[in-house]
Amino acid sequence: MASRIEYVEFIVDQLREAGEITYKKMFGEYGLYCDGKIFAVICDDQLYIKITEAGKTLCPALEEAPPYQGAKNYLLVEDTEDRQMLTELVRETCKQLPMPKPKKPKAPKTPKSSEKK
């Protein structure tokens, strides 16, 4: 079952004080970004945040679970109503995550021999 956009937008709204929160649709589910760093996924209308030492220390009771079969474990956040806890968890998690690697520029397309004039 794919996640509903309404749930994604609710989570983004809950996290509005954590930084610049954006999302991207990925294979019917969603990846969440804070200030350019991917920190979570939403799968089947459930929030999964990447595991970091800071996150585990801040929220030791959160269950570790894979968001989909074959994935590594994330922290499963079931209480998404607690805006303050979510904001703090995301801020602390993102402090420990690396910045994404810069994307390589796309190579210019070369015309095929049949396209040459």
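Residues numbered from 1 in each chain as written. Predicted model: local features only at pLDDT ≥ 70, side-chain atom pairs only at ≥ 80, totals over all residues. Heavy atoms only, no water.

Participant: Describe in detail the pairing of strand β4 (residues 46-49), supporting the description with residues and values.
Facilitator: With four bridges joining them, strand β3 (residues 37-43) and β4 adopt antiparallel strand pairing. Counterpart to Ala 40 in the pairing with β4 is Ile 49. Counted along the chain from β3 to the antiparallel partner β4, the turn is two residues long, and its residue Asp 44 has a positive phi close to 50°. Bridging between β4 and strand β6 (residues 74-77) involves three bridges; their strand directions are antiparallel. The partner of Ile 49 across the bridge, within β6, is Leu 75. (Pairing = 2+ DSSP bridges. Helix = DSSP H or I, 4+ residues; strand = E, 2+ residues; numbered from the N terminus.)

Participant: Describe in detail helix α3 (residues 83-96), supporting the description with residues and values.
Facilitator: For α3, with 14 residues, the first-to-last C-alpha span of 20 Å sits near the 20 Å given by 1.5 Å per residue. Taken together, the buried positions of α3 are Met 85, Leu 86, Thr 87, Leu 89, Val 90, Thr 93 and Cys 94. In this fold, the buried residues of α3 make contact with α1 (5-14), β2 (29-34), β3, β4, α2 (53-58) and β6. (Expected span 1.5 Å × (residues − 1). Buried < 20%, exposed > 50% of the residue type's maximum accessible area, 1.4 Å probe, protein only. Contact = heavy atoms within 4.5 Å.)

Participant: Report on the nonpolar core, specifying residues and quantitative values.
Facilitator: Within the largest apolar cluster, 25 residues are counted, with the highest numbers of intra-cluster contacts made by Leu 32, Phe 39, Ile 42, Leu 47, Ile 49, Val 77 and Val 90. Elements supplying a minimum of two residues to this core: α1, β2, β3, β4, β6 and α3. A per-element tally of this core places α3 first, with five residues. In this structure, Val 41, Cys 43, Ala 65 and Leu 76 belong to the second largest nonpolar core, which totals six residues. (Core = buried A, V, L, I, M, F, W, Y, C linked by side-chain atoms within 4.5 Å.)

Participant: Hey, could you go over α1 for me, with residue numbers and the actual values?
Facilitator: Because each turn of an α-helix spans 3.6 residues, side chains separated by three or four positions in sequence point in the same direction. Among all positions in α1, only Tyr 7, Val 8, Ile 11, Val 12 and Gln 14 are buried. Projected down its long axis, α1 shows its buried positions confined to an angular sector of 160°, all on one face. In this structure, the buried residues of α1 make contact with β1 (21-26), β2, β3, β4 and α3. (Arc of directions from axis to C-beta.)

Participant: I'd like a description of the environment of Tyr 74, backed by residues and values.
Facilitator: For Tyr 74, the location among the structural elements is in strand β6. Residue Tyr 74 is classed as buried on the basis of its relative accessible area, which comes to 11%. Placed 13 residues apart in sequence, Tyr 74 and Thr 87 show a C-alpha to C-alpha distance of 17 Å.

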